[in-house]
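Residues per chain are reported as follows:
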Amino acid sequence: MATRNSLERTGTRWNPVVLRLALGIVFVISGLGKVLGIGPKASGIAGFTETLAGLGLPFPTLFAWAVGLVELVGGGLLLVGLFTRYAAGLLAVIMSVATVLVHLPYGFVAGDGGIEYTLVLTLVSLALVLSGPGACSLERYLFDEELFVPADSSRGHQTG
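A quick note: this is a predicted structure, and the numbers were derived from the prediction, not measured.

(A) Focus on the overall build of the chain. Each helix and strand counted, the chain has six helices and zero strands in total. In the chain, which comprises 160 residues, the share counted as buried stands at 33%. Sequence-distant contacts, at least 24 apart, represent 59% of the contacts inside the chain between residues at least 6 apart. When the accessible surface of the chain is totalled, it reaches about 9200 Å², and 71% of it is carbon and sulfur.

Now the structure itself:
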């Protein structure tokens, strides 16, 4: 029984780290493509603005910059484990909007333009909002604990 509890504690501490790295890499690459026009998803602000305008969104340039910067900076914050819950929350909002506005009309399968991929990104982002950064994070290294923990969470019970 002690071994099982130890494994559960280890998973609780390290699972968010794996999720942070997976999302951080995806969002940094996507943000680089939107903001700087580099990488495998390079559209640049102009191309992304055009996409948003085609969807009928108001202020497409403003939203293109906002989404691109949140993806780039938020992804970077996830990679290092700083302000994880907030970065993941903003990314969850962006991905849920993309899921509904862009991908929902195409069904489920990602290969057909459906919601499969953006839904996963939304849900994994929400998992990080709930879990926090996990064991290996800049917040824990610099401040010995997670910053801005929700009031009802139990700071004292989490190690790492």
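(B) Focus on the side chain of lysine 34. Checked against the element boundaries, lysine 34 lands in helix H1 (residues 2–35). Within the local environment of lysine 34, its side chain forms a polar contact with the side chain of glutamate 71, the two groups lying 3.0 Å apart.

(C) Examining the confidence of the model for the chain more closely. Here the chain averages 89 in pLDDT, while 86% of its residues score no lower than 70. Predicted confidence for residues 155–160 stays below pLDDT 50, and this span has 10 contacts to residues more than four positions away or in other chains.

(D) Here's a closer look at the pattern of salt bridges. With the rule as written, the count across this model stands at one salt bridge. A salt bridge links lysine 34 to glutamate 71; the shortest N-O distance between them is 3.0 Å. Taken as a pair, lysine 34 in helix H1 and glutamate 71 in helix H3 (residues 60–80) lie far apart in primary sequence, 37 residues in all. Of the two residues, lysine 34 and glutamate 71, neither departs from the other in class, the shared state being buried.

(E) The arrangement of the packing of aromatic side chains in detail. Tallied over the full model, the rule gives zero aromatic pairs. The lysine or arginine in question, lysine 34, covers the ring of phenylalanine 48, its NZ or CZ lying 5.0 Å from the ring centre.

(F) Region of the structure containing the environment of isoleucine 29. Turning to its location among the elements, isoleucine 29 is positioned in helix H1. For isoleucine 29, a relative accessible area of 33% corresponds to the partly exposed category. Separated by 13 residues in sequence, isoleucine 29 and alanine 42 place their C-alpha atoms 8.9 Å apart.

(G) Highlighting unusual backbone geometry. Backbone geometry places phenylalanine 59, a non-glycine residue, at a positive phi of 50°. Mapped onto the elements, phenylalanine 59 comes out in the loop between helix H2 (44–54) and H3. Residue classification places phenylalanine 59 among the exposed positions, given a relative accessible area of 60%.

(H) Region of interest: the nonpolar core. Ranked by size, the top nonpolar core spans 16 residues in total, and within it Leu23, Phe27, Leu78 and Met95 carry the most contacts. Those elements that place two or more of their residues in this core are H1, H2, H3, helix H4 (84–103) and helix H5 (116–131). Ranked by residues supplied to this core, first place goes to H4 with six residues. Each residue touching methionine 95, except ones within four places of it in the same chain, is listed here: Phe27, Glu71, Thr118, Leu121 and Thr122.

About the criteria used
- Residues numbered from 1 in each chain as written.
- Predicted model: local features only at pLDDT ≥ 70, side-chain atom pairs only at ≥ 80, totals over all residues.
- Heavy atoms only, no water.
- Helix = DSSP H or I, 4+ residues; strand = E, 2+ residues; numbered from the N terminus.
- Buried < 20%, exposed > 50% of the residue type's maximum accessible area, 1.4 Å probe, protein only.
- Contact = heavy atoms within 4.5 Å.
- Areas by Shrake-Rupley, 256 points an atom, 1.4 Å probe, with all protein chains shown as cover.
- Polar contact = N/O pair within 3.5 Å; in protein donor to acceptor, adjacent residues only side chain to side chain.
- pLDDT = per-residue confidence, 0-100.
- Salt bridge = Lys/Arg side-chain N within 4 Å of Asp/Glu carboxyl O.
- Phe/Tyr/Trp six-rings, centres within 6.5 Å; stacked < 30°, edge-to-face > 60°.
- Lys NZ or Arg CZ within 6 Å of the ring centre and 35° of its normal.
- Core = buried A, V, L, I, M, F, W, Y, C linked by side-chain atoms within 4.5 Å.

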